[in-house]
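A look at the structure
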Amino acid sequence: MRYSLLVGLLLLPSVTDLSADELSDFETFRSYPFLDRGYREAERDDWSEVERTMRHLLERVPHHQEARRLLVQALTEQHRHAAAELEALRLPEGNDAEALLELRLAWIAHDPPDRERIQAWLDEARAETHTRLWLAYAQALERREGTTEALTWLEGIDPAAEEAPLRRWRASLAERLGDWPGVERELTPLAGRGQLTGDDWQRLLLAHLDAGNLAIADAMLTDAPDPEHAREMRLIASQRAIAGDVHERAKQWLLELGDMQTLSDEQQASLLELARETRDLELFATLGRDTGMPCLDRAQWLANHSNARARQELADCHPEEDPKQWLALAQQLKTTDVLLSTTLQAPYETQRQALLVHLWQARGDTRRARHWLAEQPQGAFVLRQRAELAQQAGETVLAADLWERLYQLDGDPRAVDQASFLALDQDQPDRALALLEPAFDRHGASLPHSALARLASLYANPDLTWSPQRVETLLPQLAEGPRRHLLVRLANDDACDLVTSSIGDRPTQAGEWHALGVCAMPERPGEAVVHYRQAMAMGDTDSQLPLAYALHAAGDAPSAYAIWQTYTPESLDATAAMAASRSALAAGEPHQAERFWVQGEPQLGEDWQTGAEIALSLGNEEAAWHRQHRALEHDPGAQRFYAAAATARALGDKAQASAWLAEAAERAPDNPVYRLDHALLLAASEDEAQRKRALPLLEQSLAAYPEDHRLRIALAARHAETGDSSAARLQLREGIDLTQRPLQVEDETPTQLAQRRYEMRRQHEALSRRSRVSVAATTSPSAITADDRTGGSQTTTSLLWDHLLDEAQAGKGRELALYGRLQQGGSLDGDDRLGTGIGLRIKPLAEKNLNLSAELFHERSLRGDESETLTEPLLRMTASFFDQGEYRNDWRVDETRWQERSLYTDLAWWTRSGNKSALARYRHGPTYKLPTESAQTLKPYVMAQASASETEGWQHDTRAGIGLRWQRWFDEDRYNAYRGNVTLRLEYQQSLGGELHRNEDGVMAGLEINF
């Protein structure tokens, strides 16, 4: 811009000279040095110096137009456009209009002024300069503020005579903004007047394409400005249509383009893809061939849209290009004609044959397939196809023969699998085994799983023999189901060593646990229970019934019965129903046991024995006797007589029980159980003669059961009964020692065993005791003891010594003893008395605690009054009732709380004086063990007492009360229970009437020591 202005300024003087006031020669001469200097500074771009020089010149020659033009140029070059415009306006109008326009254009290009100034310029501009001004400002605005701002400003310009250029420029800006509606809005009027340039046409066409006005775009394409635009825009239009998924229009334009020129490879590829999208089969096939697409690929695409057209294409394809794809297409198109007329190389020829047969089968034309196969060379494939078709047709004999021929031909394990399957299907297990065994020897684990399972099932068949070597190899290869059946067969055949070696230490399958359970029965039922439960936990329902048998055999009848309850009697066979009845009976369910027993249809002696036991539990004695006799009829063996004896004993017929036990012992003299039970039954008899018969039998049993403490107890009782206390104590000591060991009787818990041991020690202590001493002291509200003749004593202290005279009788429960006693009593009035006595005591009855005594009793006053001294015989009878068995007063090992009761009676007669006394006292209460290391008890109780005394006349007393007793047992050793005890008693007594003790209430305290 700078050089154009400078040139313009240099050219203008001649023109200026014609229009401006002429300078004088002097002014010209005077101006020359300044102009010369100004031009030289301009060449050096020192525009500030140019400005200074020109202003200096103009001060001297104000109308020097050339100097003013050079000043305008200097200000412009310094971007002082406003000052430059002021100077330019002082130039003459007309000649310098172009210079002013250039100045303004330079100003706009460098630093556009405000829009008001621009608008002012536009308003005063002539037509030829108007366009240049808005175009320059629009370009500057686009650079500085963006295309949108430029377009917005241009839309405010009045086109007037410049409509076409303004619309073209606005359309150009809209295109750059992607505002295709704006493009269409600006150019459509021009198109209507035929004023479109080539670029305008192209721009408007793109706008219609963007708006989807395809019909208008298609019309515009037929009216292109020139062939080049026609070709170019058809390509662009097709691309826009492809992008917009308007495939038919895109295909049309590309085809039209193809008519105008040869399509490029890329364009042909696009047209091919458009043919795919529009499913133009013929165009696709033609373009596919033209572009070199493989024939099979063309056929594959055509097959997805038209089988008929695809078959035509496939007929022209060469299968060797891709035999696998060719076969896939032939299968998809189901073209048997092509398959029949074509031969492939191996291995695809076999696949072709298989596909052909398959297609015939799919059409239901199996006969043609079989006929065709029969005509082919009988290779492995053909034989397999024929065997499969024959098997499908139900011709199992022919199929089995073909499978066997196939196996002989190529040794395919699958063939022998099918042949053995069909042999079994024809009920020929021997033939199946003959096929599988050599095949297993040849192939081993590579045989199909079904063949291995079939071989295992044949071995599991109890009618067929199995090979140990093959089974040992076969077991690890089997699945869980077949392995289970084979393991169970082995277990049932007592091949448990093979079973356990195959399973190892850690069974992992339900069938393995089941087989181990079979091996454990019947010797180890408890172990079998564990195994069967493991099998059931893993889902093996077949283990449920064996588990019931094992539980019963292991002694857990309730659990066994719980399993049998899940079955109805009708659902069980006779054997299972009879087993269920035994479990129900043992579980305490006799009614259910009867139902199962009836369903079991008893046939054996054991069955009738079970029926007898059920009837016994139901209380049906008649049925029990009947069934028991039927059991003996069916099985008159020792075991049955032994069981019958138990029935007779339960029915209360001890004689019959003894007879049947004797019969069992006679029939099985080597069975010590029968002899022992017979001996124990005799020993418990009420008949002394029977008890005597028991002694030799018990001694014989001792050799077989030296560890049975019950036998020792029975022997001790019999020896004691015969008066052999020493032998009885020996057996008791042996029995006590036996109970110290872990071996116990099945029906005794450790606590019960400890109590049994204590009872033996108590018996041993009783047999060992010859003498006993008792010291007692009593303080009472009045003399209430039967030992006091006078009835006025408040305190009593006594000492009693008792010594057995006949040890033999003591063992029988009878006693004869010599005793002596010393007794001191005191009263409220200080009358203390001392009594002594010596006498004989006899206990005549073994089963009753009744004592009779005769005593010489001497009593005197401690105050020295001889008149109050007396000596006379005393006859006395004492007895206690209701204090035996579970109500006895003794230490208990196996209980922490028990009941005690006692009715004590005492009758005395002083024969010389004729005085008599009677006493009856009843006590009852619970006894509690104290939590101490020593044996101590505490007993709260209630009591009732009645007493009477006759001296000068009968007097009586009745009272009731409550009391608390503390007792401490002591002096024990290994074989003897506590020999002594200390008793401390405190009672409160309420008189209910009578004059014997002055009808007084009060408290009684007593202390007693026995040792």
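All figures in this text were calculated on a predicted structure; none of them were measured in a lab.

**A closer look at the side chain of Arg876**
With respect to the helices and strands, Arg876 occurs in strand β6 (residues 870-881). Only 2.6 Å separates the side chain of Arg876 from the side chain of Asp906, close enough to count as a polar contact.

**What to know about a positive patch on the surface**
Taken together, the side chains of Arg311, Lys334, Arg363 and Arg368 present a region of like positive charge at the surface. Within the element layout of this structure, Arg311 appears in helix α19 (residues 307-315). Overall, Arg311 belongs to the partly exposed group, its relative accessible area being 34%.

**What about the packing of aromatic side chains?**
Going through the model one piece at a time under the given rule, you end up with 9 aromatic pairs. Taking the centre distance of 6.0 Å and the plane angle of 55° together, the rings of Trp625 and Trp660 count as tilted. Of this pair, Trp625 sits in helix α39 (residues 621-634) while Trp660 sits in helix α41 (residues 654-667), and the two are 35 residues apart along the sequence. Look at Trp625 and you get partly exposed, because its relative accessible area is 22%. By relative accessible area, which is 7% here, Trp660 ends up buried. Grouped by ring-pair contacts, the aromatic residues Tyr758, Trp891, Trp898 and Tyr978 constitute a single cluster. Between the NZ or CZ atom of Arg630 and the centre of the ring of Trp608, over which it lies, the distance is 4.4 Å. A cation over an aromatic ring shows up here: Arg901 above the ring of Tyr887, its NZ or CZ 3.7 Å from the ring centre.

**Structural notes on the environment of Ala535**
If you trace the backbone, Ala535 turns up in helix α33 (residues 525-537). What makes Ala535 buried here is its relative accessible area of 0%. With 18 residues separating them along the chain, Ala535 and Gly517 place their C-alpha atoms 9.0 Å apart. Ignoring any residue separated from it by four or fewer positions in sequence, one finds Ala535 in contact with Ala510, Trp513, His514, Asp540 and Ser543.

Rules and cut-offs
Residues numbered from 1 in each chain as written. Predicted model: local features only at pLDDT ≥ 70, side-chain atom pairs only at ≥ 80, totals over all residues. Heavy atoms only, no water. Helix = DSSP H or I, 4+ residues; strand = E, 2+ residues; numbered from the N terminus. Polar contact = N/O pair within 3.5 Å; in protein donor to acceptor, adjacent residues only side chain to side chain. Patch = residues over 30% accessible without salt bridge, like charges linked within 9 Å, V, L, I, M, F, W, Y side chains within 5 Å. Areas by Shrake-Rupley, 256 points an atom, 1.4 Å probe, with all protein chains shown as cover. Salt bridge = Lys/Arg side-chain N within 4 Å of Asp/Glu carboxyl O. Lys, Arg positive; Asp, Glu negative; His and termini not counted. Charge placed at Lys NZ, Arg CZ, Asp CG, Glu CD. Buried < 20%, exposed > 50% of the residue type's maximum accessible area, 1.4 Å probe, protein only. Phe/Tyr/Trp six-rings, centres within 6.5 Å; stacked < 30°, edge-to-face > 60°. Lys NZ or Arg CZ within 6 Å of the ring centre and 35° of its normal. Contact = heavy atoms within 4.5 Å.

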